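Listed below are the residues making up each chain.
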Amino acid sequence: MSKIKITETILRDAHQSLIATRLSTKDMLPILETMDQVGYHALECWGGATFDASLRYLNENPWERLRLIRKNVKHTKLQMLLRGQNLLGYKNYPDDVVIEFVKRSISNGIDIIRIFDALNDLRNIETALRTTKQEGAHAQAAIAYTISPVHTIEKYVALAKDMQSMGADSICIKDMSGLLTPYETEKLVKAIKSNISVPLEIHSHYTSGLASMSYLKAIEAGVDIIDTAISPFALGTSQPATEPMVAALQGTPYDSGLDLKMLDKITTYFQPIREKAIDSGLLDPKMLGVDINALIYQVPGGMLSNLVSQLKAQNALDKYEDVLKEVPRVREDLGFPPLVTPTSQMVGTQAVLNVVMGERYKMVPKEIKEYVRGMYGKPSVAIKPEIIEKIIGNQEVITCRPADLIEPLMAIEREKIKAYIEEEEDVLSYVLFPNVALDYFKFRQASLYNIDSDLVDTKEKTHPV
């Protein structure tokens with residue numbers, strides 16, 4: 001039994017979950033020194049969709065954001081989320097890109113890297129984890145939590161043990177869809193804690209309305225760290241609120257030691273930003289309600305909104321219920337992948353196509369074909385031969401680590417944008433998001449030389465953040 005540590009998510013996942021990652025660096029800077037005094041275990045401030053959104057929607061250099069946060073946060077660890085071999089993109093990248101990206105993230109200010117793979121294929125996290133440790137940072141391996149007939153407590157315990165054997169400094173149960181229920185959480189945490197010696201963290205979303213209760217049972221079962229969001233950007237599809245969790249633990253053996261008066265300064269700062277987001281329509285009140293569909297269909301909140309927008313584009317919103325019922329069927333066909341980026345987008349798109357086309361797998365996106373070929377990694381259970389044949393015919397399914405088949409990219413991509421490079425990090429931005437980064441580089445150059453910004457294409461593009 002020990003004091004609970006708290007990781008604050010307002011600078012990354014909270015605004016990613018509620019306002020499509022639109023919190024700007026300017027919004028963050030005035031409150032950072034106050035946040036640094038609170039005594040948080042860490043501030044999650046980078047990675048996930050923040051990198052893409054900074055370039056795509058805010059015309060900001062994400063690397064510069066990280067450097068500015070580091071400059072203002074001198075005492076608290078900075079944490080980021082990394083999708084293993086996917087990094088911050090939506091496909092596997094070669095090892096030279098992964099190694100360079102991890103090195104640059106750490107040299108620009110990151111202390112803790114939370115590394116996960118959408119399929120829990122540990123081969124896809126090994127390069128990032130090894131490089132993080134070599135660079136002297138804290139490597140946290142994360143289990144993508146989901147529910148299915150094959151995802152048992154025993155399976156998660158085995159994953160945690162393997163992660164520790166790989167050298168993980170800590171392990172996180174990453175519940176991206178808010179699927180954890182309180183008593184299942186208690187059993188899971190107890191089982192994992194009795195099999196590992198490194199710290200255990202829990203990350204959940206309030207989508208199903210259960211996360212605070214699940215956190216409390218996790219704390220009683222021995223979890224070391226919880227992820228929360230300051231209340232103006234908590235609940236709904238975000239995390240449980242920081243202040244109530246701190247208040248609930250006060251005067252107990254689990255007391256976090258955080259000061260509610262200090263937290264209130266942060267709450268007061270973010271409240272007007274929340275109101276502005278509501279007034280502008282960026283924060284949809286629907287995102288703050290309880291969505292029981294998350295438990296019925298195991299669909300993350302962000303995925304639900306993507307399904308709606310795809311159906312609207314097809315003028316087929318009346319088929320929403322049919323699509324929700326099709327999602328678990330597609331997921332079973334594909335070997336029960338956890339529904340997290342990028343597999344959530346892939347499964348959702350295929351479910352929409354199956355329903356709208358009136359025939360299952362009549363149309364199959366390239367990403368699904370690559371997934372079935374094994375290019376994203378190994379599914380939780382083998383895909384049935386008839387599904388493989390239906391989707392990729394007699395093409396060969398690979399069994400090696402997908403990244404072993406990808407040629408190095410850094411030197412080739414650097415050559416393509418040498419006219420725009422201002423720092424080495426620009427090459428990584430371009431590798432991950434070529435068109436978006438190029439638009440940003442042109443905008444940056446235009447701003448520098450006062451060129452008419454109308455000549456630079458910086459319009460928003462549709463993208464599932």
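I will try to describe carefully the structure that is included in this document.

About the criteria used
Residues numbered from 1 in each chain as written. Predicted model: local features only at pLDDT ≥ 70, side-chain atom pairs only at ≥ 80, totals over all residues. Heavy atoms only, no water. Helix = DSSP H or I, 4+ residues; strand = E, 2+ residues; numbered from the N terminus. Buried < 20%, exposed > 50% of the residue type's maximum accessible area, 1.4 Å probe, protein only. Contact = heavy atoms within 4.5 Å. Axes fitted to C-alpha atoms, helices over the stretch in contact; angles between N-to-C directions. Left-handed = near helix turned anticlockwise from the far one by under 90°. Phe/Tyr/Trp six-rings, centres within 6.5 Å; stacked < 30°, edge-to-face > 60°.

1. Some details on unusual backbone geometry
The linkage connecting Thr341 with the following residue, Pro342, adopts the cis geometry, with an omega of 5°. Checked against the element boundaries, Pro342 lands in the loop between helix H15 (320–333) and helix H16 (343–357). Unusually for a residue other than glycine, Leu87 sits at a positive phi of about 55°. Within the element layout of this structure, Leu87 appears in the loop between strand S3 (77–82) and helix H6 (95–107). The backbone of Asn315 shows a phi angle near 55°, a positive value even though the residue is not glycine. Here Asn315 lies in the loop between helix H14 (301–313) and H15.

2. A look at helix H10 (residues 211–221)
Within H10, the full set of buried residues consists of Ala211, Ser214, Tyr215, Lys217, Ala218, Ile219 and Ala221. Looking at the buried side of H10, the elements it contacts are helix H9 (182–193), strand S7 (200–204), strand S8 (225–228) and helix H11 (242–249). Of the residues one or two after H10, Gly222 is the one with positive phi, at around 115°.

3. Here's the deal with the packing of H16 against helix H17 (residues 366–373)
The geometry of H16 relative to H17 is characterised by a closest axis approach of 9 Å and an angle of 115° between their N-to-C directions. Here the hand of the crossing between H16 and H17 comes out left-handed. Across the interface between the two elements, Thr343, Met346, Val347 and Gln350 from H16 touch Glu367, Ile368 and Tyr371 from H17.

4. Quick look at the packing of aromatic side chains
Scanning all chains against the criterion turns up 14 aromatic pairs. Residues Trp63 and Phe101 carry aromatic rings whose centres are separated by 5.3 Å and whose planes lie at 55° to one another, so their mutual orientation is tilted. A residue pair is termed long-range when its members are at least 10 positions apart, and Trp63 in helix H5 (residues 62–72) and Phe101 in helix H6 qualify at 38 residues. Look at Tyr420 and Phe441: their rings are 6.4 Å apart centre to centre, the planes differ by 25°, and that puts the pair in the stacked class. A residue pair is termed long-range when its members are at least 10 positions apart, and Tyr420 in the loop between helix H19 (410–416) and helix H20 (425–432) and Phe441 in helix H21 (residues 434–448) qualify at 21 residues. Residue class for Tyr420 comes out partly exposed when judged on its relative accessible area of 22%. Judged by relative accessible area, which is 2%, Phe441 ranks as buried. Here the aromatic residues Trp46, Phe51, Trp63, Tyr90, Phe101 and Phe433 are joined through ring pairs into a cluster of three or more.

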